[in-house]
Amino acid sequence: QVQLVESGGGLVQPGGSLRLSCAVSGSFFRIHAMGWYRQAPGKERELVASITRWDSTDYADSVKGRFTISNSNARNTVYLQMNSLKAEDTAVYYCKAVVNHMSNILWGQGTQVTVAS
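Residues numbered from 1 in each chain as written. Predicted model: local features only at pLDDT ≥ 70, side-chain atom pairs only at ≥ 80, totals over all residues. Heavy atoms only, no water.

## Focus: the pattern of salt bridges
So, step 1. A full pass over the atoms with the stated rule returns 5 salt bridges.
So, step 2. One salt bridge in this structure joins D55 and R75, with 2.8 Å as the shortest N-O distance. Here R75 lies in the loop between β7 (67-71) and β8 (77-82) and D55 lies in the loop between β5 (46-52) and β6 (57-59), a separation of 20 residues in the sequence.
So, step 3. Taking relative accessible area as the criterion, D55 reaches 37% and is therefore assigned partly exposed.
So, step 4. Across the salt bridge formed by R66 and D89, the nearest N and O atoms sit 2.7 Å from each other. (Salt bridge = Lys/Arg side-chain N within 4 Å of Asp/Glu carboxyl O. Helix = DSSP H or I, 4+ residues; strand = E, 2+ residues; numbered from the N terminus. Buried < 20%, exposed > 50% of the residue type's maximum accessible area, 1.4 Å probe, protein only.)

## A look at the packing of aromatic side chains
So, step 1. Inspection of every chain in the model, using the stated rule, returns 1 aromatic pair.
So, step 2. Arranged with centres 5.1 Å apart and planes meeting at 65°, the rings of Y37 and W107 form a pair that is edge-to-face. Placement of the pair is Y37 in strand β4 (residues 31-39) and W107 in strand β10 (residues 105-107), with a sequence separation of 70 residues.
So, step 3. W107 sits in the partly exposed class, given a relative accessible area of 37%.
So, step 4. A cation sits over an aromatic face here: R45 above Y94, 3.7 Å from the ring centre.
So, step 5. The ring of W107 has R45 lying over it, and the distance from NZ or CZ to the ring centre is 4.7 Å. (Phe/Tyr/Trp six-rings, centres within 6.5 Å; stacked < 30°, edge-to-face > 60°. Lys NZ or Arg CZ within 6 Å of the ring centre and 35° of its normal.)

## Concerning the environment of G9
So, step 1. With respect to the element layout, G9 can be found in the loop between β1 (3-7) and β2 (10-12).
So, step 2. Residue G9 is classed as partly exposed on the basis of its relative accessible area, which comes to 33%.
So, step 3. Considered as a pair, G9 and K96 are 87 residues apart in the sequence and their alpha carbons are 16 Å apart.
So, step 4. With sequence-adjacent residues up to four places away left out, G9 is seen in contact with L20, T111, Q112 and V113. (Contact = heavy atoms within 4.5 Å.)

Given below as structure tokens:
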């Protein structure tokens, strides 16, 4: 069974940094794309950043220049480096992956990121 394992959330002060990781575990033959979404209380889930297996990236306007998404060399882990964090970045961050087939979309369990002084 293929699963996503997230790590790296926590509490950080405004202006600080965090790095989120999402690893694909289990048996698979291809990861088409991975990404991070977030959902703040009372708001809809939104795309933060995504990356394809060819390293093509996409970012929400609100995080451009502050967040960087990248693949591991083995292409089974995605990282989200978050710098210059703001209070409005506070949310539960979810990893998403398209694995094996384009219709096979997996979600992680979510990790809390809280930006507060």
